[in-house]
Amino acid sequence: MKRSRAFWPMTIAGLALSVYGLVGLLGDTAVGDTMSWLTYFAGGLIVHDLVWAPFVALGSVLLLRVVPMRLRPVLQGTLIVTATVLLVAYPAVSGKGRLANNPSILPLDYPRNLLIVLAAVWAVGCILLVRAAFAPRR
Amino acid sequence: MAADPRRRTLVERLSLIPLVAGSFFMLTTGLINTTSWAPWTFGFTAAHFWTSLITIGALIVHIGAQLPVTRRALSRSAAREPEPAGTGLSRRGLLISVAAAAGTVTLTTIGQTVRPLRELALLAPRHPDMGPQGIPVNKTAVGARVVDTAESPLYTLKLVGRDGQERLLTLDELRALPRHEAELPIACVEGWSASARWGGVRVRDLAAMVGGSDGDEVVVRSLQKGGSYSSSRLNATHVRHDDTLLALEINGETLHIDHGFPARLISPNRPGVQQTKWVARLEVV
């Protein structure tokens, strides 16, 4: 496919901004521990590409074998919402940010609340699954 | 320009490395930070600032490389072709699922700043009603190590003029000055906010006591020693604003020590960390 006329301008501009950010980061004393930053920057990529992506791919292969076509879209959607809620809730559920001298940080019962939210998500998911199962075939 | 599919693919793929790493970094560390948990040792705000530039740069490269694909997908001929049958979720279904995921997360956290939805804020790291005097706190007096100095009967507020003239005010003298009220929120950059009715003395009145005039700026210093947020600077617009107060009261009560007793700054349109607490000194500059 032909390259867009904007290809080189955007590549050069984007690269320049990225390099500016990287040089700025390495030269900023307020960042301090660059190795700690690199652990989280590269670690995120490794977790995303080498742990999460294969896990999703493998799970998908298994689900393809078990779940009939008409139920797949709703099940996939419900799993996407579930994974997102789990990821977002994890820091609060872990309670690691709690401070003995400040009870207003993480004041709620997050494990219980996570179960409530997941129950609501799956209640909706189940209603849609039942509807998909009994929908007339097109 | 001659088509070279390998080169385009290489640029596109390389740009994915900082794009994915940067996006994942911004999202996960940002989310973890809102729960006051810091498992890392880098400086969070500076690292986020620079990493955002790296990520935005990678996004620009990626969009540039993908423009022909985008253009083809949005062309009229593509709109006439129906999506081929897949093995599961359709493109539209994926968009709906992503919207549902974002909607669920928003609905269960936004109550930490949108008060009518606070009972739905099941996963929010803050609850806008929970904290001393019904308002959340970011830094406590114990955390800032100001308990002894803030509660000391010897507390005085020091006003310093541009010409170096000084004036000391005891807490009783502060309370005797003309009192004003303002309804203002503490709005934290971490995502929560909570409003209160504050009572205290106008900062511009205090500045005028040491010769401050319209157009002057004021530096506010805390009893807190060290720390990035132990002082803040009010620009001239903030100084002259009617609602910029050195607050002594919250919702009609004396300030709780975690809200900055004996006196704290409160001013419109400022992030919470710049609403300096345990104020010891106002310098007209």
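Residues numbered from 1 in each chain as written. Chains lettered and ligands numbered in written order. Predicted model: local features only at pLDDT ≥ 70, side-chain atom pairs only at ≥ 80, totals over all residues. Heavy atoms only, no water.

**Notes on helix 4 (residues 110-134) of chain A**
- Here helix 4 of chain A contains 25 residues, and its C-alpha end-to-end distance of 36 Å stays within 8% of the 36 Å for a straight helix at 1.5 Å per residue.
- Residues of helix 4 of chain A that are buried include every one of A:Tyr110, A:Asn113, A:Leu114, A:Val117, A:Leu118, A:Val121, A:Gly125, A:Leu129 and A:Ala132, and no others.
- Structurally, helix 4 of chain A contributes buried residues whose contacts are with helix 3 (72-94) of chain A together with helix 4 (91-107) of chain B. (Helix = DSSP H or I, 4+ residues; strand = E, 2+ residues; numbered from the N terminus. Expected span 1.5 Å × (residues − 1). Buried < 20%, exposed > 50% of the residue type's maximum accessible area, 1.4 Å probe, protein only. Contact = heavy atoms within 4.5 Å.)

**A word on helix 2 (residues 44-74) of chain B**
- Between its terminal C-alpha atoms helix 2 of chain B stretches only 39 Å, short of the 45 Å expected from 31 residues at 1.5 Å a residue.
- Along its length, helix 2 of chain B shows its largest kink, about 55 degrees, at B:Gln66, and proline B:Pro68 lies within four residues downstream of that point. (Bend = angle between axes of the 7 residues up to and from the residue.)

**Observations regarding the domain arrangement of chain B**
Residues and elements named next belong to chain B.
- As far as domains go, chain B holds domain 1 (3-120) and domain 2 (132-284).
- On a C-alpha basis, the centres of domain 1 and domain 2 stand 40 Å from each other.
- A combined buried area of about 540 Å² lies between domain 1 and domain 2, and 30% of that area is made up of carbon and sulfur atoms.
- When the buried area of domain 1 at its contact with domain 2 is split by residue, Gln112, Thr113 and Arg115 rank highest and sum to 63% of it.
- Our enumeration of links across domain 1 and domain 2 arrives at zero salt bridges.
- Where domain 1 meets domain 2, there are two residue pairs in polar contact (both at pLDDT 80 or more).
- When grouped by side-chain class, the residues that make up the side of domain 1 that touches domain 2 number no nonpolar, four polar and one charged. (Domains from an automatic or database assignment. Buried area = accessible area lost by both parts, 1.4 Å probe. Salt bridge = Lys/Arg side-chain N within 4 Å of Asp/Glu carboxyl O. Polar contact = N/O pair within 3.5 Å; in protein donor to acceptor, adjacent residues only side chain to side chain. Nonpolar A, V, L, I, M, F, W, Y, C, P; charged D, E, K, R; others polar.)

**Focus: the packing of aromatic side chains**
- The tally for this structure, following the rule as stated, stands at 13 aromatic pairs over all chains.
- Where A:Tyr40 meets B:Trp40, the ring centres are 5.7 Å apart and the plane angle is 90 degrees; that geometry is what we call edge-to-face. With A:Tyr40 in helix 2 (residues 34-66) and B:Trp40 in the loop between helix 1 (5-33) and helix 2, the pair connects residues from two separate chains.
- Among the residues examined, A:Tyr40 registers a relative accessible area of 25% and is labelled partly exposed.
- Classification of B:Trp40 as buried rests on a relative accessible area of 7%. (Phe/Tyr/Trp six-rings, centres within 6.5 Å; stacked < 30°, edge-to-face > 60°.)

**Points about the sheet that holds strand 10 (residues 279-284) of chain B**
All names here are of chain B.
- Spatial ordering of the open sheet is given by 2-1-10-5-6, a layout of five strands whose pairing is mixed. The strands lining the two open edges of the sheet, one partner per strand, are strand 2 (166-170) and strand 6 (231-234). Taken over all neighbouring pairs, the strand axes of this sheet differ in orientation by 20 degrees on average, direction set aside.
- Pairing geometry for strand 5 (residues 218-222) and strand 10, over five bridges, is antiparallel. From the neighbouring strand, Ser222 faces strand 10, where its bridge partner is Val279. (Pairing = 2+ DSSP bridges. Axes fitted to C-alpha atoms, helices over the stretch in contact; angles between N-to-C directions.)

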